[in-house]
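Here's the letter readout for the chains.
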Amino acid sequence: MELVCGPHTLAFGDRPLVMGVLNVTPDSFSDGGLFDRRDQALDRARRMAAEGADLIDVGAESTRPGAEPVGLQDELARLLPVIEGIIALDLGVPLSVDTAKPEAADRALSAGAGMINDISGAGEAMLEVAARHGAPVIAMHMRGEPRTMQSAPRYDDVVAEIRDYLAKRVAAGRRFGVDVLVDPGIGFGKTLEHNLDLLANLRELRAVGAPVVLGTSRKSFLDRLLGGVAVEDRLAGTLAVNGWAAALDVVDVLRVHDVREHRQLAESIGVLRRYRRAPAPRRRVLARGIPCRCRIGVTARERSAPQDLVVDVEVNMAPAALGAPDALRETTDYAEIADLAQAVAAGGEYRLIETLAERIAVAVAGPADGQETRKRIESLRVRVSKPGAARELGVAEVGAQIDWRP
């Protein structure tokens, strides 16, 4: 995939791209006041380009928790001289403008920026600006606004809610003909547990169908996670979290303060991805719709006579070489699976249907005492259904399912 950012093109490949953070603010949480003069900001941009930044994100309004908003004219007074200065340096690196104001984005794109990074989620006014300039947009999720976002944020399902929110932003971008990247907004209106839930389940954002941007650099959740770590000492934690996401291939852009270290991380993971071999083929044996009879039920009356059940078993064998021998020792026999399921069901009396499912799984997995086939079983799934109970309730299916792995 490629994104056009003004005169530059960003290509996504084996490694995540590295977006360098350039805050030209007096009060950002990590580097406020370090680069708020034009000459300091230009020197920082030169250094980030030399260290391997794929793009540079320039922001002129602090979005740290509790930050007060900045007026448009003040933001432009900080922003435009820096963007114009970097463009004049011709560093060969595209610029992104970090702003939630459509007017500021419009002026920055006219000055030479090629992308918008909007913490407020890229509403219609921002998408109109992006469409007019042909610029991609990063839509980030934030609960509330920077000044209030950490006031007891609550979610029923943080991963699902943010995934669905970002999916709507991508759909809105398509209506405007704008490429939208998505950012879950780590630290923006989230507790530590919310942040960890999002980070551990970033793969769900892939369903949105857009490049994923991750901004964890030096953030305060690392302080709480690691038990008290100052901003300047959070590089190792940042690298660990970003390395996790990059290795799992669930992130496309890393937004970071420490460009050199993250470019090394990204390059290393990119090389490992290129050397990664395709997984060896796995054989799956299916025995579905096995008719069984069993005395089963919570009450003695229910167990007084056998009931008809239907059992499905799926067995996943350990990886085997492509073209493995055509021999039973390389797999397991579906006829044997069916016989085992029927024997377990007929040979006992059960109160819970999930107990029956577990007993069938134990029988199919079996003791590995010298049986090569059993040793090769990697995992299995057993589903037991009660057709009679389903008919009585007027539902499609009643039953239980268990997944087993040694």
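Not measured: the values here are computed from a predicted model. (Residues numbered from 1 in each chain as written. Predicted model: local features only at pLDDT ≥ 70, side-chain atom pairs only at ≥ 80, totals over all residues. Heavy atoms only, no water.)

I keep staring at the overall build of the protein and nothing clicks. Help me out?
In terms of regular secondary structure, the protein is built from 13 helices and 15 strands. A total of 406 residues make up the protein; the buried ones form 49% of that total. Counting only contacts in the protein whose residues sit at least 6 apart along the sequence, the fraction spanning at least 24 positions is 67%. For the protein, the accessible area works out to roughly 19,300 Å², and carbon and sulfur atoms hold 50% of it. (Helix = DSSP H or I, 4+ residues; strand = E, 2+ residues; numbered from the N terminus. Buried < 20%, exposed > 50% of the residue type's maximum accessible area, 1.4 Å probe, protein only. Contact = heavy atoms within 4.5 Å. Areas by Shrake-Rupley, 256 points an atom, 1.4 Å probe, with all protein chains shown as cover.)

I tried to follow helix 2 (residues 72–89) on my own but got confused; where do I start?
Side chains three or four residues apart in an α-helix point the same way, a direct result of the helix having 3.6 residues per turn. Counted at 1.5 Å a residue, the expected span for helix 2 with its 18 residues is 26 Å, and the 26 Å between its end C-alpha atoms agrees. Of the surrounding elements, those touching the buried residues of helix 2 are strand 3 (17–23), helix 1 (38–51), strand 4 (55–59), strand 5 (95–98) and helix 3 (102–111). Asp90 occupies a position one or two residues after helix 2 and carries a positive phi of about 55°. (Expected span 1.5 Å × (residues − 1).)

Explain the sheet that holds strand 13 (residues 349–350) here, please?
Pairing between the strands of a sheet is mediated by backbone hydrogen bonds and can be parallel or antiparallel. The five strands are arranged 13-11-12-14-15 in an open sheet whose pairing can be described as mixed. If you trace the sheet from one side to the other, it starts and ends with strand 13 and strand 15 (399–404), each paired once. Sheet analysis places strand 11 (residues 284–296) next to strand 13, joined by two bridges and oriented parallel. From the neighbouring strand, Ile296 faces strand 13, where its bridge partner is Tyr350. Each of strand 11, strand 12 (307–317) and strand 13 touches helix 10 (residues 334–346); the most contacted strand, strand 11, lies at about 15° to it. Across the sheet, helix 11 (residues 353–365) touches strand 11, strand 12, strand 13, strand 14 (377–385) and strand 15, and the angle it forms with strand 14 is around 145°. (Pairing = 2+ DSSP bridges. Axes fitted to C-alpha atoms, helices over the stretch in contact; angles between N-to-C directions.)

Looking at this structure, how should I read the pattern of salt bridges?
Two side chains of opposite charge can pair, provided their charged atoms sit close to one another. For the structure on display, the rule yields 27 salt bridges. A salt bridge links Arg15 to Glu267; its shortest N-O distance comes to 3.4 Å. In this pair, Arg15 is assigned in the loop between strand 2 (8–11) and strand 3 and Glu267 in helix 9 (residues 259–275), connecting sequence segments 252 residues apart. Put simply, Arg47 and Glu51 hold a salt bridge, and the shortest N to O gap is 2.9 Å. In this pair, Arg47 and Glu51 both sit in helix 1, four residues apart, roughly one turn of the helix. Sharing partners across several salt bridges, the network here consists of Arg15, Asp54, Arg263 and Glu267. (Salt bridge = Lys/Arg side-chain N within 4 Å of Asp/Glu carboxyl O.)

Sorry, what's going on with the pairing of strand 10 (residues 253–256) here?
Regular strands place their side chains on alternate faces of the sheet. Residues Val253 and Arg255 point to one face of strand 10 and Leu254 and Val256 to the other, with burial holding for every one of them. Here four bridges tie strand 3 to strand 10, and the two strands are oriented parallel to one another. Residue pairing for strand 10: Gly20 is matched across the bridge by Val256. Where strand 9 (residues 213–214) lies against strand 10, two bridges are found, and the strand directions are parallel. Bridge assignment links Val213 to a residue of strand 10, and that residue is Val253.

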